[in-house]
Amino acid sequence: MHRRELAGFLDALLEASRFRDYCPNGLQVEGRPTIRRIVSGVTASEALIRAAVAARADALLVHHGYFWRGEDPRVVGTRRTRLKRLLDQDLNLFAYHLPLDVHPEFGNNAQLARVLGWRVDGRFGEDGLGCWCDLDRPSGAASLASRLARRLGRRPLAVGATARTVRRVAWCTGAAQDLLEQAIDAGADAFVSGEISERTTHLAREAGVVYLAAGHHATERYGVQALAAHVAGHFGLEHRFVDDPNPA
């Protein structure tokens, strides 16, 4: 398929134009016009680019791309290295940030719910970024942490009222620790995200809720895989997901 066709399909599917994001969504680096093979991954690191080149990919589809608001715009250092490799190899880079977090089927939050066996009973936050569900059976915070560890392959850091029973759990992948107050307003007993800030511990303790930091990378591995698999199946393309491990 042509690069323009893929860009148009992804932009429309994810409704990319409706989001006020911290980076451009869609085609970020233009490569060869014809796309037959896609490599997907969480972040467009140099290691992921090398893997895409080794796989003879025509396009790289990621959640974390480039050109973030507030970054130094100069093409120097690691930025130069990454961009040079993409351009030298004529490799297209597609990146979707908030649109991929929010999508009700292929989004990071929807796919994390699938991995953990949760429904999406409701949403909160701008653009419905956060999700919540009422558990079929109440769970202790320790049991909830163990479930996350088994499913994600990473033990979460649990803070706050870790002895309480959890009946309603809320979640938002990545660096969504500052949605904790909105999760509390949505009635959550526990909130799962990727990262944790110093202030998050105090808020969780004082509000009497559990906060579980399960890893930015670990919570965001699933959306881009589901999206790329859907695109590949729809258009008859080859697809491979490459996991560039990251403990954060």
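This section reports on the structure supplied with the text. (Residues numbered from 1 in each chain as written. Predicted model: local features only at pLDDT ≥ 70, side-chain atom pairs only at ≥ 80, totals over all residues. Heavy atoms only, no water.)

### Some words on the packing of aromatic side chains
Here is step 1 of the chain: Across all of its chains, the model carries five aromatic pairs by this definition.
Here is step 2 of the chain: Aromatic side chains Tyr-66 and Phe-67 sit 6.0 Å apart centroid to centroid with 85° between the ring planes, which places their arrangement in the edge-to-face category.
Here is step 3 of the chain: A relative accessible area of 8% places Tyr-66 in the buried class.
Here is step 4 of the chain: With relative accessibility at 33%, the residue Phe-67 sits in the partly exposed group.
Here is step 5 of the chain: Both rings, one in Trp-118 and one in Trp-171, keep their centres 5.0 Å apart while their planes meet at 45°; by these two values the pair is tilted. Taken together, the positions of Trp-118 in the loop between helix H5 (108-116) and strand E5 (122-124) and Trp-171 in strand E8 (residues 165-171) put the pair 53 residues apart, joining distant regions of the chain. Assigned by exposure class, Trp-118 and Trp-171 land together as buried.
Here is step 6 of the chain: Among the aromatic residues, those joined into a cluster by ring pairs are Phe-124, Phe-191 and Tyr-211.
Here is step 7 of the chain: Across from the ring centre of Trp-132, 3.8 Å away, lies the NZ or CZ of Arg-168, which sits over that ring. (Phe/Tyr/Trp six-rings, centres within 6.5 Å; stacked < 30°, edge-to-face > 60°. Buried < 20%, exposed > 50% of the residue type's maximum accessible area, 1.4 Å probe, protein only. Helix = DSSP H or I, 4+ residues; strand = E, 2+ residues; numbered from the N terminus. Lys NZ or Arg CZ within 6 Å of the ring centre and 35° of its normal.)

### Some words on the pattern of salt bridges
Here is step 1 of the chain: Within this structure, the stated rule accounts for 16 salt bridges.
Here is step 2 of the chain: Residue Glu-126 pairs with Arg-20 through a salt bridge whose shortest N-O separation is 2.4 Å. Of this pair, Glu-126 sits in the loop between E5 and strand E6 (130-140) while Arg-20 is found in the loop between helix H1 (3-14) and strand E1 (26-29), placing the two residues 106 residues apart along the sequence.
Here is step 3 of the chain: Ionic pairing is found between Arg-164 and Asp-189, a salt bridge with its closest N-O pair at 2.7 Å. One end of the pair, Arg-164, is in the loop between strand E7 (157-160) and E8; the other, Asp-189, is in the loop between helix H7 (180-185) and strand E9 (190-193), and 25 residues separate them in sequence.
Here is step 4 of the chain: One salt-bridge network, in which partners are shared between bridges, spans Glu-15, Arg-18 and Asp-127. (Salt bridge = Lys/Arg side-chain N within 4 Å of Asp/Glu carboxyl O.)

### Some details on the sheet that holds strand E2 (residues 37-43)
Here is step 1 of the chain: Here we have five strands laid out as an open sheet, ordered E1-E4-E3-E2-E11, and mixed in their pairing. Edge strands, defined here as strands with exactly one partner in the open sheet, are E1 and strand E11 (238-241). Averaged over all neighbouring strand pairs, the angle between strand axes comes to 30°, with direction disregarded.
Here is step 2 of the chain: Sheet topology note: the E2/E11 ladder contains four bridges and is parallel. Within E11, the position partnered with Ile-38 by the bridge is His-239. (Pairing = 2+ DSSP bridges. Axes fitted to C-alpha atoms, helices over the stretch in contact; angles between N-to-C directions.)

### Considerations on the sheet that holds E8
Here is step 1 of the chain: The sheet built from six strands is open, its strands ordered E5-E6-E8-E9-E10-E7 with mixed pairing. Edge strands, defined here as strands with exactly one partner in the open sheet, are E5 and E7. Shown here is a sheet whose adjacent strand axes are inclined to one another by a mean of 30°, direction ignored.
Here is step 2 of the chain: By the bridge criterion, three bridges tie E5 to E6 in an arrangement that is antiparallel. Opposite Arg-123, over in E6, you have Cys-131 as the bridge partner.

### Description of the side chain of Asp-101
Here is step 1 of the chain: Its location among the elements puts Asp-101 in helix H4 (residues 98-102).
Here is step 2 of the chain: For Asp-101, which is buried and forms no salt bridge, the nearest opposite charge comes from Arg-123, at a distance of 9.6 Å.
Here is step 3 of the chain: A polar atom in the side chain of Asp-101 sits 3.3 Å from the side chain of His-63.
Here is step 4 of the chain: Within the structure, Asp-101 has its side chain in polar contact with the side chain of Asn-108 (distance 2.9 Å).
Here is step 5 of the chain: Once you skip the residues sitting within four places of it in the chain, Asp-101 turns out to touch His-63, Gly-107, Asn-108, Asn-109, Leu-129, Thr-173 and Glu-220. (Lys, Arg positive; Asp, Glu negative; His and termini not counted. Polar contact = N/O pair within 3.5 Å; in protein donor to acceptor, adjacent residues only side chain to side chain. Contact = heavy atoms within 4.5 Å.)

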